[in-house]
Amino acid sequence: MKAHIARNQNAGVPLALGWNLSAADRGILEGMAPAFGMKLLPVSPADAGKTVAQLLGEVETKASRTLVLEPGAYPPALVLANFREKDLDTLLDLMKQAQVNIPLKAVVTPSNKNWVFGDLLAHLSEEHVSFTAAAKEQA
């Protein structure tokens, strides 16, 4: 009997985990995807209890934390993985030019890939509020 090893079909592929994206923003991102070889993976409220690594297909999805978020619990978010730095910069520039409204953005790191997605959204949201408040104070 041969052992089956689960292979990550997305290894090395630029991936974007999308949360609460509007139809317009999702359409723009899907239009940009082929230029980067990117896959857009929408995250549903029922998947918020999975880790980032599970959502990316890097680890087997075992029992995840029971965490179901309301669809609008957090603003739109994009969590990017497997991008070369120059492609990441280009994608962000193109998103800005196309006026894509996704206030929460992050890049997957060795640390945050083990976070539960809902917890990452909460953290990004807190950072965004702090950053926005600090920017207003300086204005």
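Residues numbered from 1 in each chain as written. Predicted model: local features only at pLDDT ≥ 70, side-chain atom pairs only at ≥ 80, totals over all residues. Heavy atoms only, no water.

Caption draft 1: Inspection of the overall build of the protein at higher detail. Each helix and strand counted, the protein has four helices and four strands in total. Reading the protein from its N terminus to its C terminus gives the helix and strand order β-α-β-α-β-α-β-α. When each of the 139 residues of the protein is scored for burial, the buried share is 37%. Within the protein, contacts between residues at least 6 apart in sequence are counted, and of these 75% link residues at least 24 apart. With the model as given, the accessible surface of the protein reaches about 8,600 Å², and the carbon-plus-sulfur share is 54%. (Helix = DSSP H or I, 4+ residues; strand = E, 2+ residues; numbered from the N terminus. Buried < 20%, exposed > 50% of the residue type's maximum accessible area, 1.4 Å probe, protein only. Contact = heavy atoms within 4.5 Å. Areas by Shrake-Rupley, 256 points an atom, 1.4 Å probe, with all protein chains shown as cover.)

Caption draft 2: Looking closely at the sheet that holds strand β4 (residues 104-107). An order of β2-β1-β3-β4 is seen for the four strands of this open sheet, with the pairing classed as mixed. Looking at the sheet topology across the chains shown, the edges are occupied by β2 (39-43) and β4. Neighbour-to-neighbour, the strand axes of this sheet turn through a mean angle of 20 degrees, independent of strand direction. Sheet topology places strand β1 (residues 15-19) next to β2; five bridges connect them, and they run parallel. (Pairing = 2+ DSSP bridges. Axes fitted to C-alpha atoms, helices over the stretch in contact; angles between N-to-C directions.)

Caption draft 3: Up close: the packing of helix α1 (residues 23-36) against helix α3 (residues 85-97). Between α1 and α3, the shortest axis-to-axis distance is 11 Å and the interhelical angle comes to 155 degrees. When the axis of α1 is compared with that of α3, the two are roughly antiparallel. In this structure, α1 crosses over α3, and the sense of that crossing is right-handed. Along its contact with α1, which presents Leu 29, Met 32 and Phe 36, the element α3 presents Asp 87, Thr 90, Leu 91, Leu 94 and Met 95. (Parallel < 35°, antiparallel > 145°, perpendicular 65-115°, else oblique. Left-handed = near helix turned anticlockwise from the far one by under 90°.)

Caption draft 4: Examining the confidence of the model for the protein more closely. When pLDDT is averaged across the protein, the result is 88; 87% of the residues are at 70 or more. At the level of individual helices and strands, the protein shows its lowest average pLDDT in helix α4 (residues 117-138), which scores 87, and its highest in strand β3 (residues 77-81), which scores 98. Note on residues 1-6: pLDDT is under 50 here. Beyond four places in sequence and across chains, it has zero contacts. (pLDDT = per-residue confidence, 0-100.)

Caption draft 5: A look at the side chain of Thr 51. Structurally, the position occupied by Thr 51 is in the loop between β2 and α2 (52-55). The class of Thr 51 is buried, set by a relative accessible area of 19%. Sequence-distant contacts of Thr 51, defined by excluding residues within four places in its chain, comprise Val 59, Lys 113, Asn 114, Trp 115, Val 116 and Phe 117.

Caption draft 6: Fine view of unusual backbone geometry. Its identity as a non-glycine residue notwithstanding, Asn 82 has a phi of 65 degrees, on the positive side. In this structure, Gln 99 is a non-glycine residue whose phi angle is positive, near 55 degrees. Of note, Gln 99 is situated in the loop between α3 and β4. Looking at Gln 99, the relative accessible area reads 68%, which means it is exposed.

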